[in-house]
Amino acid sequence: MWSRLAYTFRETGASLKRNITLTVAAVLTSAVSLFLVGGTFLVQRGFDNLLSKWAGGVQMIVYVSPTATPDQVANIKTALESSPTVVDTSKLEYLDFTKSLAEAKRLLAADPTTFKLLNEANLPTEFKVVPKARQLNVLVELANGFSEVPKVQKVVLARDQVEQISKLRDFVQTVTVGLSVLLLIGALILIWTTIRTAMFARRREIEVMKLVGATNWFIRIPFMLEGLIQGLIGALMSCGFLLFFNRLWTNGVVKLKGDNGFIALVVSDSFLNFVMLMVLLFGMLAGAVASGVAASRFLDV
Amino acid sequence: MIRLENVTKIYNSEVTALRDATFDVAKGEFVFLVGPSGSGKSTLLRMMNRQESPEKGAVWVAGRNINEMPDSKVPHLRRNIGNIFQDYKLLLNKTVHENVAFALEVIGRPKHVIRQQVPAVLDLVGLTGKQDRFPHQLSGGEQQRVSIARAFVNRPLILLADEPTGNLDPATGEGIMRLLDRINKTGTTVVMATHDQRIVNMMRKRVIQMDRGIIVRDQARGVYE
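This is a predicted model, so every value here is computed, not measured.

What counts and what doesn't
Residues numbered from 1 in each chain as written. Chains lettered and ligands numbered in written order. Predicted model: local features only at pLDDT ≥ 70, side-chain atom pairs only at ≥ 80, totals over all residues. Heavy atoms only, no water. Helix = DSSP H or I, 4+ residues; strand = E, 2+ residues; numbered from the N terminus. Buried < 20%, exposed > 50% of the residue type's maximum accessible area, 1.4 Å probe, protein only. Contact = heavy atoms within 4.5 Å. Areas by Shrake-Rupley, 256 points an atom, 1.4 Å probe, with all protein chains shown as cover. Expected span 1.5 Å × (residues − 1). Polar contact = N/O pair within 3.5 Å; in protein donor to acceptor, adjacent residues only side chain to side chain. Pairing = 2+ DSSP bridges. Core = buried A, V, L, I, M, F, W, Y, C linked by side-chain atoms within 4.5 Å. Axes fitted to C-alpha atoms, helices over the stretch in contact; angles between N-to-C directions. Buried area = accessible area lost by both parts, 1.4 Å probe. Salt bridge = Lys/Arg side-chain N within 4 Å of Asp/Glu carboxyl O. Nonpolar A, V, L, I, M, F, W, Y, C, P; charged D, E, K, R; others polar. Phe/Tyr/Trp six-rings, centres within 6.5 Å; stacked < 30°, edge-to-face > 60°. Lys NZ or Arg CZ within 6 Å of the ring centre and 35° of its normal. Patch = residues over 30% accessible without salt bridge, like charges linked within 9 Å, V, L, I, M, F, W, Y side chains within 5 Å. 1 Å grid on protein atoms, 1.4 Å probe; cavity = no way out; pocket = protein on both sides within 12 Å on 5 of 7 lines; lining within 4 Å. Points joined across faces, edges and corners; volume = space filled by probe spheres on them. Right-handed = clockwise from strand over helix to strand, strands pointing away.

**Details of the overall build of chain B**
Part 1: Scanning chain B from N- to C-terminus turns up seven helices and ten strands.
Part 2: Classification of the 225 residues of chain B by burial places 54% in the buried group.
Part 3: For chain B, restricting intrachain contacts to residue pairs at least 6 apart in sequence, the fraction spanning at least 24 positions comes to 68%.
Part 4: Carbon and sulfur atoms make up 47% of the accessible area of chain B, which totals about 9,900 Å².

This is how it looks when you write it as structure tokens:
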């Protein structure tokens, strides 16, 4: 067992060294493609955060001043429910202070300083309004009217923000997914070629191994390990890129002045860690499987 | 030990390399396969360790029909068969000791077994003291001895030799034959393809003569003709 392990590691190391140029090419391509894959998830998550306020078809948010008494809040609710042809009352949701704070925590992941300043005296509560089908235009008129209701701080309509953000998200998603798929294919082809070249360089050795009775798995495993290491190094580099660009992005967004809501584009550290872990596992798995398949394909010497 | 029953091998559905070959090789026997190039000698050898499979007929080794053996069992079959080639097939970046140890290493033999068996077999083939040389530092005859050591180190039941003296001068070739004879006397079955007339006539072993894929003669204590 020990001598087998020693053999496997020795052969893998020698092969990586022998194929250094192809190995570097395969590693760099996997690094860039895995970075794009991870980046796609992060960007997606950022947009989802940004849009999460509007999830579930919410088209209008009525912010209620924190100084409103329960009676005043009830009045606003009654006013909303008085237009049952426009407002889908079954989906009308009120976020009290606790729920509003929870939402703010998610949206302000990148800005804990601001989040800490929030309290019952300054955080508006909110009504999330889902309109009935095809009542959007009427809802706009309704929104104008609500601005006048006592203790309504402001009324925000989805169509101002959501439509443009959604379009942007779809565009970014198409580009990043497309690019990462293309580059992933490139990386796999390079790993495949590296293994094929490695096997060609060692064809005499493989022939001897087969003739003296080495099993195919015994021959294949050093090559799979080689692919796994290539995938792992590529994935580690891509994690470095992800960390670096995410920090750059977070700093950039935090510096944006004003209450524009873009702070929600920043993802939490735990999500970033999760994405990096997935990228690592995927990189290793894809490298090992591609090499294993390539090795089996060329094992018939 | 080896039995071929009506074995026919056709390459690319047109070239018939073997036609209806049938013979038995008993345990401990020494058999020469003779005949001109392209007569099917190497194909016969390649049938015996399942590097090739016949279109028709069956090949039995140590009581098993090896053509019906699942692929996963083939490595275990080959651990009982040593192979020697005209071009030695040594690994040039490995020393004599490493070349021989390699054969044990890749079938997972433990280190202490390797440490014990490799020097013993190098002694048997007359290469004691040369274990740290690389193949390019050895003569042709010595390289063939390394290849024989590698084939025999696992004490196989059968040794298949394809023109082992083909690249060697007559005196060196004779030395290799004496070594193979010695190995044969330990009970190992040896099947050797050759067109070296002198050696066949010198050894006076069983001779199976091939011509265009057909066995034309099978003679005990035969000569080349």
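**Some thoughts on the overall build of chain A**
Part 1: Scanning chain A from N- to C-terminus turns up ten helices and four strands.
Part 2: Across chain A, helices and strands are ordered from the amino to the carboxyl terminus as α-α-β-α-β-α-α-β-α-β-α-α-α-α.
Part 3: Taking contacts inside chain A between residues at least 6 apart in sequence as the whole, the part at least 24 apart equals 85%.

**Examining helix 6 (residues 170-185) of chain B**
An α-helix turns once per 3.6 residues; consequently, residues spaced three or four apart project the same way.
All names here are of chain B.
Part 1: Its 16 residues place the ends of helix 6 22 Å apart at the C-alpha level, agreeing with the 22 Å of an ideal helix rising 1.5 Å per residue.
Part 2: Buried within helix 6 we find G173, G175, I176, M177, L179, L180, D181, I183 and N184.
Part 3: Regarding helix 6, its N-cap is D169, as a side-chain oxygen of that residue lies 3.2 Å from the backbone nitrogen of A171 further along.
Part 4: Positive backbone phi, at 110°, marks G187, one or two positions downstream of helix 6.

**Some thoughts on the sheet that holds strand 2 (residues 15-25) of chain B**
All names here are of chain B.
Part 1: Read across the sheet, four strands follow the order 2-1-4-5 without closing on themselves; strand pairing throughout is antiparallel. Whereas interior strands pair on both sides, the edge strands pair on one side only; in this sheet they are strand 2 and strand 5 (64-65).
Part 2: Where strand 1 (residues 2-11) meets strand 2, seven bridges bridge the pair, whose relative direction is antiparallel. Bridging from a neighbouring strand, L4 pairs with F23 of strand 2.

**Structural notes on the nonpolar core**
Residues and elements named next belong to chain B.
Part 1: Ranked by internal contacts, the top residues of the largest apolar core, which has 61 residues, are F32, V106 and L180.
Part 2: Counting residues per element, this core draws most heavily on helix 3 (residues 96-105), which supplies six residues.
Part 3: Look past the residues within four positions of F32 in its chain and what remains in contact with it is M177, M192, T194, I199, V200, M203, K205, R206, V207 and I208.
Part 4: In terms of nonpolar packing, the next biggest core, distinct from the first, is built from 25 residues, F23, M47, A193 and M210 among them.

**Observations regarding the sheet that holds strand 3 (residues 30-34) of chain B**
Whether parallel or antiparallel, the strands of a sheet pair through hydrogen bonds between backbone atoms.
Residues and elements named next belong to chain B.
Part 1: Strand order across the open sheet formed by six strands is 6-7-8-3-9-10, with mixed pairing between neighbours. The strands lining the two open edges of the sheet, one partner per strand, are strand 6 (81-85) and strand 10 (214-219). Strand-to-strand, the axes of this sheet are offset by a mean angle of 15°, without reference to chain direction.
Part 2: Bridging between strand 7 (residues 158-162) and strand 8 (residues 189-194) involves five bridges; their strand directions are parallel. Considered in strand 8, the bridge of A161 is made with M192.

**Considerations on the interface of chain B and chain A**
Part 1: If you look at the interface, chain B gives 22 residues, while chain A gives 17 residues.
Part 2: Roughly 1,800 Å² of surface becomes buried between chain B and chain A when both sides are summed, with 57% attributable to carbon and sulfur atoms.
Part 3: Ranking the residues of chain B by area buried against chain A places R78, E105 and V106 of chain B at the top, with a combined share of 28%.
Part 4: Across the chain B-chain A interface, the total number found is two salt bridges.
Part 5: Put simply, E105 of chain B and R10 of chain A hold a salt bridge, and the shortest N to O gap is 3.2 Å.
Part 6: In the side of chain B that touches chain A, the residues fall into nine nonpolar, four polar and nine charged.

**A word on the packing of aromatic side chains**
Geometry of an aromatic ring pair is reported as the spacing of the ring centres plus the angle between the planes.
Part 1: Overall, the coordinates contain six aromatic pairs over all chains when judged by the stated rule.
Part 2: Summarising the aromatic geometry, the rings of F35 of chain A and F241 of chain A are spaced 5.7 Å apart at their centres and angled 80° between planes, so their arrangement reads as edge-to-face. Separated by 206 residues along the polypeptide, F35 of chain A in helix 2 (residues 20-52) and F241 of chain A in helix 9 (residues 216-255) bring together distant segments of the chain.
Part 3: In this structure, R45 of chain A is placed above the aromatic ring of F271 of chain A, and the distance from its NZ or CZ to the ring centre is 4.1 Å.
Part 4: Positioned above the aromatic ring of F85 of chain B, the side-chain terminus of K89 of chain B is 4.9 Å from the ring centre.

**Considerations on the side chain of T125 of chain A**
Part 1: Inspection of the secondary structure puts T125 of chain A in strand 3 (residues 125-129).
Part 2: With near-sequence residues (within four places) excluded, T125 of chain A lies in contact with V62, Y63, V64, Y94, L95, D96, F97 and S100 of chain A.

**Quick look at a nonpolar patch on the surface**
Residues and elements named next belong to chain A.
Part 1: Together, I20, V24, L28, V32, I233, M237, F241, F244, F245 and L248 make up a nonpolar patch on the protein surface, roughly 850 Å² of accessible area in all.
Part 2: Taken together, the elements giving at least two residues each to the nonpolar patch come down to helix 2 and helix 9.
Part 3: In terms of residue count, the dominant contributor to the nonpolar patch is helix 9 (six residues).
Part 4: Along the chain, the position of L28 falls in helix 2.
Part 5: Overall, L28 belongs to the partly exposed group, its relative accessible area being 44%.

**Comments concerning empty space enclosed by the protein**
Part 1: This model, assessed by the stated rule, comprises two cavities of 30 Å³ or more.
Part 2: Roughly 150 Å³ of volume is contained in the largest cavity.
Part 3: As for the largest cavity, its lining consists of 16 residues, of which L211 and V212 of chain A together with I81, R150 and A151 of chain B are closest to the centre.
Part 4: Elements represented by at least two residues in the lining of the largest cavity include exactly helix 8 (203-212) of chain A together with strand 6 and helix 5 (140-152) of chain B.

**Structural notes on the pairing of strand 7 of chain B**
All names here are of chain B.
Part 1: Within strand 7, five of the five residues are buried, which leaves it mostly tucked inside the rest of the structure.
Part 2: Side chains I158, L160 and D162 project from strand 7 onto one buried face, and the interleaved L159 and A161 project onto a second face that is buried too.
Part 3: Note: strand 6 against strand 7, five bridges, orientation parallel. Note that in strand 7 the partner of N83 across the bridge is L160.
Part 4: With respect to chirality, the unit in which strand 7 leads through helix 6 into the neighbouring parallel strand 8 is right-handed.

Geometric values such as these leave the question of function open.
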